[in-house]
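Breakdown of the fold
Listed below, chain by chain, are the residues.
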Amino acid sequence: MTGHPTVNTDAVRKLPSGAALCVLPLAPAQYSTASEITERSIRAFCTGHYPPKVVEVWIGHNGPNYIAQRSTKQEDYLELPDGYPAACLGIKRNEIGHLFVDPAWAGREIGTALVAFSEAAFRERGHAGAFVFASFNAWGFYEKLGYRRTGEGAFEIAPSIRLGYVRMEKGF
């Protein structure tokens, strides 16, 4: 998708760990890297919140070919603290479509930085708020960042396979 935001305030900064943060548009050569980050994140943080079949189908829907297809409909980013791929993000309009942090980088405010990056992009585009369909393991994270629960539902990701979510919104 064209039109990646040119957000200057949150695109490059230091994390509390001292690591330099850099959020860049995801290039086709990085689709496999984003897929690997997503798989590790889902396995580490979502197992136990979803049945094993849902986890496996969810991972399958985030392979490199799927990411290539999805990138035509949203803006995908890779977060590189100190040059290492640590997380991936997808945004469209004023929605955080996905945010996955590699478990090796968890707890270092990488997700928080990506939400701030997303929100800055949404503000820059004139949106009055943001929303996300948060996975069951992630809704508490978004709540801490000022998002409020506005509903629950599920996406059918394969026949008879449903991925539950909590819809959350935040006004600016």
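Quick look at the structure, then. In this text, all values refer to a predicted model and were calculated from it rather than measured experimentally.

Turning to the nonpolar core, a few remarks are in order. Residues Leu 89, Ile 96, Leu 99, Val 132, Tyr 142, Tyr 147 and Met 168 are the most contacted members of the largest nonpolar core, which totals 24 residues. Where this core is concerned, the elements lending two or more residues are β4 (87-92), β5 (95-101), α4 (110-124), β6 (129-134) and β8 (161-171). Considering every element that reaches this core, the biggest residue donor is α4, with 6 residues. Setting aside residues up to four positions removed in sequence, Tyr 147 forms contacts with Ile 96, Val 115, Glu 119, Ala 130, Phe 131, Val 132, Tyr 142, Met 168, Glu 169 and Lys 170.

What follows is about the packing of aromatic side chains. Throughout the structure, instances matching the rule amount to 10 aromatic pairs. Aromatic pair Tyr 50 and Phe 136: ring centres 5.1 Å apart, planes at 5°, arrangement stacked. Taken as a pair, Tyr 50 in the loop between α1 (31-45) and α2 (52-60) and Phe 136 in the loop between β6 and α5 (139-144) lie far apart in primary sequence, 86 residues in all. Looking at Tyr 50, the relative accessible area reads 6%, which means it is buried. Pairing Phe 131 with Phe 133 gives two aromatic rings, centres 5.7 Å apart and planes at 85°, and the pair type is edge-to-face. You can call Phe 131 buried: its relative accessible area is 14%.

Turning next to the packing of α1 against α2. Contact pair α1 / α2: the axes reach a minimum separation of 9 Å and the direction vectors enclose 165°. One element, α1, and the other, α2, form an angle in the roughly antiparallel class. Crossing of α1 against α2: the hand is right-handed. Judged by residue contacts, Glu 39, Ile 42 and Arg 43 of α1 engage Val 55, Glu 56, Trp 58 and Ile 59 from α2.

Here we take up the environment of Arg 149. Mapped onto the secondary structure, Arg 149 falls in strand β7 (residues 148-158). With relative accessibility at 35%, the residue Arg 149 sits in the partly exposed group. Aside from chain neighbours lying at most four places away, what touches Arg 149 is Trp 139, Val 166, Arg 167 and Met 168. A distance of 2.3 Å separates a polar atom in the side chain of Arg 149 from a polar atom in the side chain of Glu 152.

Taken together, the 6 bridges between β6 and β8 define a ladder with antiparallel strand orientation. Paired with Ala 134 across the two strands is Val 166, which belongs to β8. In the sheet, β7 pairs with β8 via 9 bridges, with the strands oriented antiparallel. Residue pairing across strands places Arg 148 opposite Glu 169, the latter belonging to β8.

Scoring rules and cut-offs
- Residues numbered from 1 in each chain as written.
- Predicted model: local features only at pLDDT ≥ 70, side-chain atom pairs only at ≥ 80, totals over all residues.
- Heavy atoms only, no water.
- Core = buried A, V, L, I, M, F, W, Y, C linked by side-chain atoms within 4.5 Å.
- Buried < 20%, exposed > 50% of the residue type's maximum accessible area, 1.4 Å probe, protein only.
- Helix = DSSP H or I, 4+ residues; strand = E, 2+ residues; numbered from the N terminus.
- Contact = heavy atoms within 4.5 Å.
- Phe/Tyr/Trp six-rings, centres within 6.5 Å; stacked < 30°, edge-to-face > 60°.
- Axes fitted to C-alpha atoms, helices over the stretch in contact; angles between N-to-C directions.
- Parallel < 35°, antiparallel > 145°, perpendicular 65-115°, else oblique.
- Left-handed = near helix turned anticlockwise from the far one by under 90°.
- Polar contact = N/O pair within 3.5 Å; in protein donor to acceptor, adjacent residues only side chain to side chain.
- Pairing = 2+ DSSP bridges.

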